[in-house]
Amino acid sequence: MEDRYNSRDPNSNLNSLIVSAPLFTGLPETVVQKATSHVVTRTHPANQVILLENDWGGSVYFILEGWAKIRTYNLDGKEVTLNILGKGELFGEMAALDEVPRSTDVITLTPTTIGSMPAADFVQLINNEPLAGVRLAQLMAKRLRQVNRRLRLRESDSMSRVADTLLFLAEGQGKTAQKGINIPNLPHRELSSLSGLARETVTRVLTKLEKKGLIMRDHDILCIPDMGALERLIV
């Protein structure tokens with residue numbers, strides 16, 4: 001399903017979703033309207049490939065609803081999940097900025113609505129609005145810190161690595177609920193790829209965490225009642 005987003009329609013639900021993206025925080029409304037005037041939205045089912053590695057990029061993408069994963073492969077041909085992105089996140093910006101092919105695949109994990117902005121509009125926004133460049137730099141810094149933290153924990157025990165993976169997801173896109181912070185109850189193979197652990201190990205650790213009351217699982221949702229308690233497991 002495809003819609004053309006009208007940034008001048010104050011009643012559009014997509015209006016609030018687009019402008020909630022961190023890239024646009026603090027920018028004048030007229031600037032946001034101009035930058036998003038050519039945004040096209042599409043709704044995708046779960047497990048659909050949005051981008052493929054080595055594709056040439058003509059657009060930058062914003063997740064308006066849902067979750068997607070950034071994927072690549074190691075030298076042995078094994079799939080590696082680099083990141084999980086949720087509402088408000090963008091992807092495809094690197095190919096737009098340095099005009100080279102895509103470096104990773106992007107696949108939806110849940111039914112996902114994505115807005116695509118022409119690369120030329122994105123580059124013009126970054127060139128003309130210093131604050132937009134600052135927001136983009138902040139996003140890159142956040143992602144780099146996340147990668148560094150995960151690399152430091154590669155030699156830690158399995159409990160630490162699974163706990164850190166859950167915290168990584170909660171800090172990135174967790175939603176505050178009555179009982180704690182909610183994140184999607186992702187398939188164990190995705191948590192396995194993110195943590196670098198065997199799927200069986202991830203399943204075993206999640207069961208232990210649930211028995212201790214540190215997580216609660218209910219169909220599509222995984223709730224973390226106490227982020228601090230989970231953080232204290234990391235050694």
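Given the structure is predicted, the values throughout are model-derived calculations rather than measurements. (Residues numbered from 1 in each chain as written. Predicted model: local features only at pLDDT ≥ 70, side-chain atom pairs only at ≥ 80, totals over all residues. Heavy atoms only, no water.)

Peer 1: Whenever I open this one, the overall build of the protein chain confuses me. Can you help?
Peer 2: Counting its regular elements, the protein chain contains nine helices and 13 strands. Across its three principal axes, the protein chain shows a C-alpha extent of roughly 50 × 45 × 35 Å. Expressed as a percentage of its 235 residues, the buried residues of the protein chain come to 47%. As displayed, the protein chain has an accessible area near 12,100 Å², and 52% of this comes from carbon and sulfur atoms. Here the protein chain contributes 28 positive and 27 negative side-chain charges, whose respective centroids are spaced 6 Å apart. (Helix = DSSP H or I, 4+ residues; strand = E, 2+ residues; numbered from the N terminus. Buried < 20%, exposed > 50% of the residue type's maximum accessible area, 1.4 Å probe, protein only. Areas by Shrake-Rupley, 256 points an atom, 1.4 Å probe, with all protein chains shown as cover. Lys, Arg positive; Asp, Glu negative; His and termini not counted. Charge placed at Lys NZ, Arg CZ, Asp CG, Glu CD.)

Peer 1: Explanation requested: the pattern of salt bridges in the structure shown.
Peer 2: Close approach of charged atoms allows side chains with opposite charge to pair. The full count for this structure, using the stated rule, is eight salt bridges. Ionic pairing is found between R217 and E210, a salt bridge with its closest N-O pair at 2.7 Å. Among the charged side chains, a salt-bridge network with shared partners connects K69, R71, E79, D105, R189 and E190. (Salt bridge = Lys/Arg side-chain N within 4 Å of Asp/Glu carboxyl O.)

Peer 1: I'm lost on the UniProt feature "domain: HTH crp-type" (unreviewed entry) in the protein chain in this one. Help?
Peer 2: According to UniProt, the feature "domain: HTH crp-type" (unreviewed entry) maps to residues 156-228 in the numbering used here. As a span, residues 156-228 carries 53% helix and 21% strand, and end to end its C-alpha atoms are 18 Å apart. (UniProt positions renumbered as here; feature names shortened; annotations may be inferred.)

Peer 1: Would you mind showing me how to read the UniProt feature "domain: Cyclic nucleotide-binding" (unreviewed entry) in the protein chain here?
Peer 2: Per the UniProt entry, the sites bearing "domain: Cyclic nucleotide-binding" (unreviewed entry) are residues 23-143 in this numbering. Secondary structure content for residues 23-143 is 31% helix and 34% strand, and the end C-alpha separation is 14 Å.

Peer 1: Is there a simple way to explain the packing of aromatic side chains in this structure?
Peer 2: Working definition: an aromatic ring pair is given by the centre-to-centre distance plus the angle between the planes. All told, the structure shown has two aromatic pairs when counted by the stated rule. With a centroid separation of 5.5 Å and 25 degrees between ring planes, the pair formed by F24 and F62 is classed as stacked. Placement of the pair is F24 in the loop between α1 (13-19) and α2 (29-35) and F62 in strand β4 (residues 59-65), with a sequence separation of 38 residues. The same class applies to F24 and to F62, which are both buried. For the ring pair Y61 and F91, a centre distance of 5.2 Å and an interplane angle of 10 degrees mean the geometry is stacked. Pair noted here: Y61 is in strand β4 and F91 is in strand β7 (residues 90-91), with a separation of 30 residues, a long-range link. Accessibility assignment for this pair places Y61 and F91 in one class, buried. (Phe/Tyr/Trp six-rings, centres within 6.5 Å; stacked < 30°, edge-to-face > 60°.)

Peer 1: It is not clear to me how the sheet that holds strand β13 (residues 221-224) should be interpreted in this structure. Could you clarify?
Peer 2: Picture the strands of a sheet paired through backbone hydrogen bonds; they go either parallel or antiparallel. Judged by pairing direction, the sheet is antiparallel, and its four strands sit side by side in the order β10-β11-β13-β12 without closing on themselves. Edge strands, defined here as strands with exactly one partner in the open sheet, are β10 (175-177) and β12 (216-218). Each strand of the sheet is rotated relative to its neighbour by a mean of 35 degrees, with strand direction disregarded. Where β10 meets strand β11 (residues 180-184), three bridges bridge the pair, whose relative direction is antiparallel. If you follow K175 over to β11, its bridge partner there is N182. Across the face of the sheet, helix α6 (residues 158-173) comes into contact with β10, β11 and β13 while running at roughly 100 degrees to β11. (Pairing = 2+ DSSP bridges. Axes fitted to C-alpha atoms, helices over the stretch in contact; angles between N-to-C directions. Contact = heavy atoms within 4.5 Å.)

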